[in-house]
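Coordinates in review
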Number of protein chains: 2
Amino acid sequence: MKLSTKGRYGLRAIIDLALNSENGNAVCIQSISERQNISESYLEQLVRKLRTEGLVKSVRGAGGGYELARPAEKISVGDVLRALEGSIEAVSCGDDEGCCDQADLCVTRLVWDRVNKAIEGAVDTVTIAQLVEESRKKQCMGKVDTKSCAN
Amino acid sequence: MKLSTKGRYGLRAIIDLALNSENGNAVCIQSISERQNISESYLEQLVRKLRTEGLVKSVRGAGGGYELARPAEKISVGDVLRALEGSIEAVSCGDDEGCCDQADLCVTRLVWDRVNKAIEGAVDTVTIAQLVEESRKKQCMGKVDTKSCAN
DNA sequence: TTAAACTTGACAAAAATAGTAGGATATGAT
DNA sequence: ATCATATCCTACTATTTTTGTCAAGTTTAA
């Protein structure tokens, strides 16, 4: 059970975005790509998804780029991961398509619900703003070289 | 981020095993396979892993099968998932091989640690014994047909 | 001795992941 | 105007992981 690079890179990207667009300017893919050492093409794919999910907005044309669609305090890590991964559930016991007809008799479901809730609790209570602040304190992202970080 | 069938089937298998081996008799793969609707070959692979990880023990020869290596109260869901999935971490920020040289400067790590701890907390506090008891109450596994359940 | 059951290793189809490539479109600056 | 810069979009591909299957062997109770 591993979070894919979509979620891992995407979180780094949006933190980078928040850190570097404070004075109202849009941040372009290329600059994020260089700071975070993620290929432009792939990053584009991820940021585009963040846009269609309403987390960032784009400014087209020369001098354009991306900026947060709403204040960093209003964007949780869960929002970002769900936008990129589709769902962050470890096991989906969907009510659809006859899966789990015996739902009320299934004990493993008790476990999966528990796990899913634990994960959601963990990611929904951390905002991008908190991470940006933490990052400032540590002078990490966008300042120190993070090329060696795989996550 | 999805738990694979290894973990999902494996948990069902070990619960089935616990349910059906109470009177000291070993439970054979074939019977689990039939009750849980998982192919014998695949199940064999999973149960073998559970054995090498010390969660179940095998009884060879005719009339043999598998039984729990220790009381169901002493086996947590986390034990089972770790045995089968290797690691249940959503993101591994291993200290190995130069990954995360900037570990102390990396803010995303704060998130991943949080998520990993949440997951572990969820799976390590539920035992197979609890699920077996719950199952008895619901008369679910091993009694009611669970073929339709994908998890 | 024989059949039931475990043991092991090799193999393979299918799905998901992790990207690439290339062109179209929009827009600010010269 | 047109050019440079940037987003936007579709399609494609290589790699890895998942999800099994298969066949040949070993062990042991009856």
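Anyway, here's the lowdown on the structure attached to this text. (Residues numbered from 1 in each chain as written. Chains lettered and ligands numbered in written order. Predicted model: local features only at pLDDT ≥ 70, side-chain atom pairs only at ≥ 80, totals over all residues. Heavy atoms only, no water.)

Some thoughts on the overall build of chain A
The condition that has to hold: Only runs of H or I of at least four residues qualify as helices and only runs of E of at least two qualify as strands under DSSP, and these elements are numbered from the N terminus. Using a 1.4 Å probe on the protein chains alone, a residue whose accessible area is under 20% of its type maximum counts as buried, one over 50% counts as exposed, and one in between counts as partly exposed. The accessible surface values rely on the Shrake-Rupley method and a 1.4 Å probe; as for residues, cover is taken only from the protein chains in view.
A tally of regular secondary structure across chain A gives six helices and two strands. Across chain A, helices and strands are ordered from the amino to the carboxyl terminus as α-α-α-β-β-α-α-α. For chain A, the residues scored as buried account for 50% of the 151 residues in total. Summed over its atoms, the accessible surface of chain A is roughly 7,000 Å², and 44% of this surface lies on carbon and sulfur atoms.

What about the protein's contact with DNA strand C?
For clarity, the threshold we go by: A molecule or strand has a residue near it when one of that residue's heavy atoms lies within 4 Å. Under the rule applied, a polar contact is a pair of N or O atoms within 3.5 Å (in protein, one hydrogen donor and one hydrogen acceptor; residues adjacent in sequence only if both atoms are side-chain atoms). Under the convention adopted here, Pro, Cys and the residues Ala, Val, Leu, Ile, Met, Phe, Trp and Tyr are nonpolar, Asp, Glu, Lys and Arg are charged, and Gly plus all remaining residues are polar.
Within the structure, DNA strand C sits among 25 residues, and Ser4(A), Thr5(A), Arg60(A), Arg48(B) and Tyr66(B) are positioned closest to it. Backbone atoms, meaning sugar and phosphate, form 64% of the atoms of DNA strand C found within 4 Å of the protein. Between Ser39(A) and DNA strand C, the recorded distance is 3.0 Å, taken from a side-chain N or O atom to a phosphate oxygen. For DNA strand C, a base oxygen lies 2.9 Å from a polar atom in the side chain of Arg60(A). Among the secondary structure elements, those contributing two or more residues to the surface near DNA strand C are helix H1 (5–20) and helix H3 (40–52) of chain A together with helix H3 (40–52), strand S1 (56–59) and strand S2 (65–68) of chain B. Among the residues making up the surface near DNA strand C, the classes are represented as eight nonpolar, 11 polar and six charged.

What to know about the side chain of Arg109(B)
Positionally, Arg109(B) belongs in helix H5 (residues 108–124). There is a polar contact of 3.1 Å between the side chain of Arg109(B) and the backbone oxygen of Cys93(B).

A few points about the protein's contact with DNA strand D
Not every one of the 25 residues close to DNA strand D is listed here, only the nearest: Glu44(A), Arg48(A), Ser58(A), Tyr66(A) and Ser39(B). Per the 4 Å cut-off to the protein, sugar and phosphate atoms form 67% of the nearby atoms of DNA strand D. Separating a phosphate oxygen of DNA strand D from a side-chain N or O atom of Ser58(A) is a distance of 2.3 Å. Between a phosphate oxygen of DNA strand D and a side-chain N or O atom of Tyr9(B), the distance comes to 3.3 Å. Mapped onto the surface near DNA strand D, the elements with two or more residues apiece are helix H2 (29–36), H3, strand S1 (56–59) and strand S2 (65–68) of chain A together with helix H1 (5–20) and H3 of chain B. A class-by-class count of the residues in the surface near DNA strand D yields eight nonpolar, 11 polar and six charged.

Some remarks on the pairing of S1(B)
Residue and element names in this part refer to chain B. Note the cut-off: Any two strands are treated as partners once DSSP identifies two or more bridges connecting them.
Pairing of S1 with S2 involves four bridges; the strand directions are antiparallel. Across the sheet, Val56 pairs through a bridge with Leu68, a residue of S2. Hairpin geometry of S1 and S2 is characterised by an intervening segment of five residues between the two adjacent antiparallel strands and by a positive phi of about 85° at Gly61.

Considering the environment of Cys93(B)
As for its placement among the helices and strands, Cys93(B) is situated in the loop between helix H4 (77–85) and H5. Between the alpha carbons of Cys93(B) and Glu22(B) there is a distance of 41 Å; along the sequence they are 71 residues apart.

Observations regarding the packing of H1(B) against H4(B)
Residues and elements named next belong to chain B. What counts here: Axis geometry follows a simple rule: fit a line to the C-alpha atoms, using only the stretch in contact for helices, then measure angles between N-to-C directions, giving values from 0 to 180 degrees. The cut-offs work like this: below 35 degrees is roughly parallel, past 145 is roughly antiparallel, 65 to 115 is roughly perpendicular, and the gaps in between are oblique. If you view the pair so one helix is near and one far, a crossing is left-handed when the near helix is turned anticlockwise from the far one by less than a right angle, and right-handed when it is turned clockwise. By the convention used here, residues are in contact when the closest approach between their heavy atoms is within 4.5 Å.
Orientation of H1 relative to H4, taken along the N-to-C sense of each, is 130°, at an axis distance of 9 Å. Between H1 and H4, the angle falls in the class oblique. Handedness of the crossing formed by H1 with H4: right-handed. When H1 is examined against H4, the residues Lys6, Gly7, Gly10, Leu11 and Ile14 are found in contact with a partner set consisting of Val77, Val80, Leu81, Leu84 and Glu85. Here the residues of the contact of H1 with H4 sort into six nonpolar, two polar and two charged.

What about the packing of aromatic side chains?
The geometry of an aromatic ring pair is captured by two quantities: the separation of the ring centres and the angle between the planes. Residues and elements named next belong to chain A. Applied cut-off: Pairing of aromatic side chains here covers Phe, Tyr and the six-membered ring of Trp, requires ring centres within 6.5 Å, and sorts the geometry by plane angle: under 30 degrees stacked, over 60 edge-to-face, intermediate tilted.
For the structure on display, the rule yields two aromatic pairs over all chains. Aromatic side chains Tyr9 and Tyr42 sit 6.1 Å apart centroid to centroid with 85° between the ring planes, which places their arrangement in the edge-to-face category. One end of the pair, Tyr9, is in helix H1; the other, Tyr42, is in helix H3, with 33 residues separating them in the sequence. Overall, the relative accessible area of 27% leaves Tyr42 in the partly exposed class.

Considering the nonpolar core
Short version of the rule: As used here, the term nonpolar core means buried Ala, Val, Leu, Ile, Met, Phe, Trp, Tyr and Cys residues forming a set that is joined through side-chain atoms within 4.5 Å.
Of all hydrophobic cores here, the largest spans 90 residues; its most connected members are Leu11(A), Ile14(A), Ile128(A), Leu11(B), Ile14(B) and Ile128(B). When neighbours within four sequence positions are excluded, Leu11(B) is seen to be in contact with Thr108(A), Val111(A), Trp112(A), Val77(B), Val80(B), Ile128(B) and Leu131(B).

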